[in-house]
Amino acid sequence: MNVAVFGTATLGDYTKVDDIINALPEGQETLLLVDGKLGVSNYAKNKASWRFIPIRTYPANFKQYGVAADDIRNKRMVDDADEVYIFYNKMNQVLETIIAYCAETHKPVYTSLI
């Protein structure tokens, strides 16, 4: 199962992130997809590595795509995911776009205020 994690870059209460990562099966059954940014993504990546959950990082390629790089990367992550988790302390346009794309592609998306 491929699980994508998105979230805000600001600090928050990551207890809910812990709960999701701790509920994932260890080993090769799960692949965590992250964007490599600070905040929720980096926290989830570190937490998963402690549980020996494989991680795939999707960096944005600004050199190739310019200002569209984040959006292209986010869509790629959603396309590769079986489930999407979004953790935020303040909703923003980027997260709303990810949620809309999940609905468009019929991907299960779970949002949580942290």
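The structure we're discussing is the one just above.
These notes cover the structure that comes with them. (Residues numbered from 1 in each chain as written. Predicted model: local features only at pLDDT ≥ 70, side-chain atom pairs only at ≥ 80, totals over all residues. Heavy atoms only, no water.)

### Considering the pattern of salt bridges
Short version of the rule: The term salt bridge refers to a side-chain nitrogen of Lys or Arg lying within 4 Å of a carboxyl oxygen of Asp or Glu. We count a stretch as a helix when DSSP gives it H or I for four or more residues in a row; a strand needs E for two or more, and each element gets its number in order from the N terminus.
Scanning the entire structure with this criterion turns up 4 salt bridges. With a closest N to O distance of 3.6 Å, Lys 47 and Asp 18 form a salt bridge. Of this pair, Lys 47 sits in helix H2 (residues 40–50) while Asp 18 is found in helix H1 (residues 15–23), placing the two residues 29 residues apart along the sequence. By sharing partners, the salt bridges in this structure join Lys 37, Asp 70 and Arg 73 into a single network.

### Notes on the packing of helix H4 (residues 69–80) against helix H5 (residues 93–104)
To keep it simple, the criterion reads: Helix axes are fitted only over the stretch in contact, all axes being lines through C-alpha atoms; the angle between N-to-C directions runs from 0 to 180 degrees. Two helices cross in a left-handed way if the nearer one is turned anticlockwise from the farther one by less than a right angle. They cross in a right-handed way if the turn is clockwise. By definition in these notes, contact holds between two residues if any of their heavy atoms fall within 4.5 Å. Think of it as three bins: nonpolar holds Ala, Val, Leu, Ile, Met, Phe, Trp, Tyr, Cys and Pro, charged holds Asp, Glu, Lys and Arg, and polar takes everything else, Gly as well.
Running from amino to carboxyl end, H4 crosses H5 at an angle of 40°, the nearest separation of the two axes being 10 Å. Seen along the crossing, H4 lies across H5 with a hand that is right-handed. Side by side, H4 and H5 meet where Asp 71, Asn 74, Lys 75, Val 78 and Asp 79 of the first sit next to Val 94, Thr 97, Ile 98, Tyr 101 and Cys 102 of the second. Here the residues of the contact of H4 with H5 sort into 5 nonpolar, 2 polar and 3 charged.

### A few points about the environment of Leu 95
Following the sequence through the fold, Leu 95 ends up in helix H5. As a C-alpha pair, Leu 95 and Phe 6 span 89 residues in sequence and 7.9 Å in three-dimensional space. Setting aside chain neighbours within four positions, we find Leu 95 in contact with Phe 6, Gly 7, Thr 8, Ile 86, Tyr 88 and Lys 90.

### Looking at the packing of H1 against H2
Let me state the cut-off plainly: By definition in this entry, angles of less than 35 degrees are roughly parallel, angles greater than 145 are roughly antiparallel, angles of 65 to 115 are roughly perpendicular, and the rest are oblique.
Close contact between H1 and H2 brings their axes to 10 Å; oriented N to C, the two are set at 40°. Judged on the interaxial angle alone, H2 and H1 are oblique. The handedness of the crossing between H1 and H2 comes out as right-handed. Contacts between H1 and H2 involve Val 17, Asp 18, Ile 21 and Asn 22 on the former and, on the latter, Val 40, Tyr 43, Ala 44, Lys 47 and Ala 48. Here the residues of the contact of H1 with H2 sort into 6 nonpolar, 1 polar and 2 charged.

### What to know about H4
This is how the line gets drawn: How far a helix is expected to stretch is found by multiplying one less than its residue total by 1.5 Å. Exposure classes here rest on a 1.4 Å probe applied to the protein chains alone. A residue is buried below 20% of its type maximum, exposed above 50%, and partly exposed in between. The arc refers to the directions leading from the helix axis to the C-beta atoms.
End to end, H4 covers 17 Å across 12 residues, agreeing with the expected 16 Å (1.5 Å per residue, within 8%). Buried within H4 we find Ala 69, Arg 73, Asn 74, Met 77 and Val 78. For H4, the buried positions fall inside an angular range of 165° around the axis, keeping them on one side. Summarising the contacts, the buried residues of H4 are in contact with strand E1 (2–7), strand E2 (31–34), helix H3 (62–65), strand E4 (83–88) and H5.

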